[in-house]
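Chains, contacts and geometry: an overview
Spelled out from the first residue to the last, the chains are:
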Amino acid sequence: MKFDKKVFLADVERVLHADYACDLKSAGRKELYNAVSKAVMEETFDDWNRARKSHRRRCGYFSAEFLMGRAIYSNLLNLGILEEAGEALRSVGEDINQFEEVEDAALGNGGLGRLAACYLDAAASQNIALDGYGIRYRYGLFRQTFENGFQHEEGDDWLRWGDPWSVRVERDTVLVKFADQTVRAVPYDMPVFGYKNGVVNTLRLWQSEPVQAFDFSAFNEMKGEVKANENFNATKITDVLYPNDNTMVGKILRLRQQYFMVSASLQDIVGKYKAAGKDLRTLPEKWCFQLNDTHPVIAIPELLRILRSEGLTFEEAFGVCAACFNFTNHTIMAEALEKWDALALSDLLPDVYEQIVACQQKLQSEGVDTNALYIIRDNVVHMANLAIYVASHVNGVAEIHTNILKTQTFRSWYERYPEKFVNITNGITPRRWMLLNNPEMARLIDGKIGTHWHTHLPELKKIMPFIDELLPAFKRIKQQNKQKLADHIRAHEGIDLAPDFIFDVQVKRLHEYKRQMLNALSVLWYYFGIKDGDITDFPPTAFIFGAKAAPGYYMAKAIIKFINEVAALVNGDPAVAGKMKVVFVQNYNVSYAEKIVCAADISEQISMAGMEASGTSNMKFMLGGTVTLGTLDGANVEICEEAGRENNYIFGATVEEVAAVKQYYCPREIIEQNPRLKRALETLVDGTLSDDSGMLRKLYESMTSGYEPDRYLVLYDFADYIRAKTQLLYDFGTREFDRKCLVNMASVGKFSADRSVCEYAKRIWNL
Ligand SMILES: *Cc1c(COP(=O)(O)O)cnc(C)c1O
């Protein structure tokens, strides 16, 4: 985008006048943020409008979550005016960094939602016609604080700062009907700017509202209570994001949300197609849809319903759906694969349920083994199975994950429809995760190989011949990033971190399978080793954690309490003051991640093998020039293929070993054989750590007793983890180690979201 400072400042001033009755001199931070954003929206309107009117075939990315983070800097960066806008603001005495106070748009939980956001950025940057469709939650993922070491949740009022990057498109309002209520769905459109290419795609988020405005005459006749209540229920649908990551919540409100969003999107799309005079049988000529996990799978029977109501036969409608829909699976965990009670579903959405039954009957009529292949069984609707049956492509998100889908999770389906299954390994956008959050590193690389890598990440390989030459500057920039993170952590957490410590980082949602527990136990293991004098030359290390636990996930909250108690113990002990520090940052989100991933020395990716479908923070760290301490799980496997296993620190049971070990596993023996591990574990119950909630005891019990003690093999993998981690800590600072960091950065090309979306476009969407 061309930037004219005078025009820009005049635009800003005009918005300030019109919307806030103030000017540049008197504007507050919030007014200025809105005015700057709206000024940019105004200047890009023509490009956006042209794109919206284009007749290209498009893909709709249906996702219940878009974890966008902060929009303003990323938008200015992609438009190529970040520096210019900063300079223009400086010329009127304003600092562009003041917008760091603006709330993240956290309309997602973690990796799945962040993936959707990265794909929107990448598709626009690669000129792929991909539009996001989702929900405009009034409250996003809760804001987390710690009180006495326990997680505390507060509502995320992300609209407090306004929403200048969205426009309400009232004219595209549709009605969404449930058996017991009808609501209006009003779209808010957000432009998605490609990186310096003039492309603008759209993220359309639907908001639920009551059908008729508040009825005053009824109110006056004392029926007001009833009416007000109806309004309340309508808005309630999109009130709040369910804060569960990788677990299914069988709440009817959740089903309402899912149906609300896909019904609105499909009515909008089909309605416009029909209004253009087209035959709905040809819909796939213009549209396809990617279902991001099972949350939007109810779109399949909804499209069937719409098409049949428009006069298509079931077979015709089924054919359209088969040609339009594709499905991405994100997890193999049974507790995350969505299943709905058939009665509840048919009560809420009778006409939609009818279509699911028709699919089940069609499947049965094909003479399949109904013990292996079914959509409805024992009055439960299996959404993943419905998606696999109808969709033309089913994809996993890393090689190892797709192989597990084929051989285990969906084995029978794979045997019947092998051609449907494809792998598309996840990716991240190098714009936000390098150009934006690590600009000096980007400049360093630009200076060596030019800027083509910004949109063609494999070109980073070209720095390989210059690694030794680049190392001093690389280390200096990493050191600066560590200093900045330390400053941020001091300001926000009140903890002092020395930037010359090793920064050992594990940031991601809190989940037992992700094994923050393994990391925390290792911290205690080193701590006791130092205290006892068994470990004498420990390299000073800061153990940095960031994670939110689903509010209803007891064990995850217990692990947070545990880590916070370990932090209090370690940080309060002068005997280890120069050697260890433990920080659990509060409210880990995209903006925090931007500061953390470019400042890390170690990327902990330590899930039990087979459990992490891909992971994407592993890729962000790699791009930042960080070695992985990890298991052979998810995309870690491919990271090792790309960067060389010898340049990372791999430990632990493989998928095959996990399966074998689980046959006989009993952790007792392991605990007895490792006295220091035993001591670390027993801090949970021996009074070393304070907890009168009983949580830590429950955590201890989950590790040592019950039906399936230590379900995620924390204790089984502990010794090998300590081996790899200790090796890493002692390698740190050597020339060989520094080279590993840069080799990882140079090898990250495959993990660009640009590669991922181009693969989707070619192999699945045919765009
Ligand atoms: C990238 C990202 C994630 C995903 O992290 P994983 O370690 O891959 O699970 C989660 N939350 C935020 C804020 C992220 O930026």
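Residues numbered from 1 in each chain as written. Predicted model: local features only at pLDDT ≥ 70, side-chain atom pairs only at ≥ 80, totals over all residues. Heavy atoms only, no water.

1. Quick look at the pairing of strand β22 (residues 627-630)
Judged by which residues are buried, β22 turns out to be covered on both faces: Val627 and Leu629 on one side and Thr628 and Gly630 on the other are all buried. Where strand β21 (residues 602-605) and β22 come together, four bridges link them in parallel fashion. Bridge pairing in β22 places glutamine 605 opposite glycine 630. You can see the chain leave β21, run along helix α21 (residues 617-623) and come back into β22, and the turn it takes is right-handed. (Buried < 20%, exposed > 50% of the residue type's maximum accessible area, 1.4 Å probe, protein only. Helix = DSSP H or I, 4+ residues; strand = E, 2+ residues; numbered from the N terminus. Pairing = 2+ DSSP bridges. Right-handed = clockwise from strand over helix to strand, strands pointing away.)

2. Quick word on the packing of helix α1 (residues 5-20) against helix α2 (residues 29-53)
Packing of α1 against α2 brings their axes to within 8 Å, and their N-to-C directions diverge by 120 degrees. Compared by their axis directions, α1 and α2 come out oblique. Considering the relative orientation of α1 and α2, their crossing is right-handed. The residues of α2 that touch α1, namely those facing Val7, Phe8, Asp11, Val12, Arg14, Val15, Leu16, Asp19 and Tyr20, are Glu31, Leu32, Asn34, Ala35, Val36, Lys38, Ala39, Val40, Glu42 and Glu43. Looking at the contact of α1 with α2 residue by residue, the class counts come to 11 nonpolar, one polar and seven charged. (Axes fitted to C-alpha atoms, helices over the stretch in contact; angles between N-to-C directions. Parallel < 35°, antiparallel > 145°, perpendicular 65-115°, else oblique. Left-handed = near helix turned anticlockwise from the far one by under 90°. Contact = heavy atoms within 4.5 Å. Nonpolar A, V, L, I, M, F, W, Y, C, P; charged D, E, K, R; others polar.)

3. Some thoughts on the pattern of salt bridges
This model, assessed by the stated rule, comprises 62 salt bridges. Salt bridges here are not isolated pairs; linked through shared partners, they connect Arg52, Asp172, Asp189, Arg204, Asp268 and Lys272. (Salt bridge = Lys/Arg side-chain N within 4 Å of Asp/Glu carboxyl O.)

4. Some remarks on the environment of valine 192
For valine 192, the position within the fold is in strand β9 (residues 182-193). By relative accessible area, which is 8% here, valine 192 ends up buried. Taking the C-alpha atoms as reference points, valine 192 and serine 74, 118 residues apart in sequence, are found 10.0 Å from one another.

5. Thoughts on the site of the ligand
Around the ligand sit 15 residues, and of these Lys508, Lys514, Thr616, Ser617 and Lys620 come closest. A distance of 2.8 Å separates an oxygen atom of the ligand from a polar atom in the side chain of lysine 514. Note that an oxygen atom of the ligand is positioned 2.5 Å from one of the side-chain N or O atoms of serine 617. Here the ligand has 390 Å² of accessible area as a free molecule, and 95% of this is covered by the chains. For the shell around the ligand, the elements supplying multiple residues, two or more each, are α5 (111-125), α20 (590-597) and α21. Of the residues that constitute the shell around the ligand, the class distribution is five nonpolar, six polar and four charged. Composition of the shell around the ligand by domain shows at least three residues from each of domain 1 (60-426) and domain 2 (465-746). (Near = heavy atom within 4 Å. Polar contact = N/O pair within 3.5 Å; in protein donor to acceptor, adjacent residues only side chain to side chain. Areas by Shrake-Rupley, 256 points an atom, 1.4 Å probe, with all protein chains shown as cover. Domains from an automatic or database assignment.)

6. A word on the domain arrangement of the chain
Accessible area lost upon the coming together of the parts serves often as the stated size of an interface. Each assigned domain of the chain is listed with its residue range as follows: domain 1 (60-426) and domain 2 (465-746). In this structure, domain 1 and domain 2 have C-alpha centres spaced 33 Å apart. Counting residues at the interface gives 37 residues for domain 1, matched by 41 residues for domain 2. Regarding the contact of domain 1 and domain 2, the summed buried area is about 3,000 Å², with carbon and sulfur atoms giving 56% of it. Between domain 1 and domain 2 we count two salt bridges in total. (Buried area = accessible area lost by both parts, 1.4 Å probe.)

7. Quick look at helix α28 (residues 735-746)
In an α-helix there are 3.6 residues to a turn, and that puts residues three or four apart on one side. Taking 1.5 Å per residue as the helical rise, α28 with its 12 residues ought to reach 16 Å, and the 17 Å between its terminal C-alpha atoms agrees with that figure. Buried residues dominate α28, accounting for nine of its 12 residues. Burial in α28 covers these residues: Phe737, Asp738, Lys740, Cys741, Leu742, Val743, Asn744, Met745 and Ala746. (Expected span 1.5 Å × (residues − 1).)

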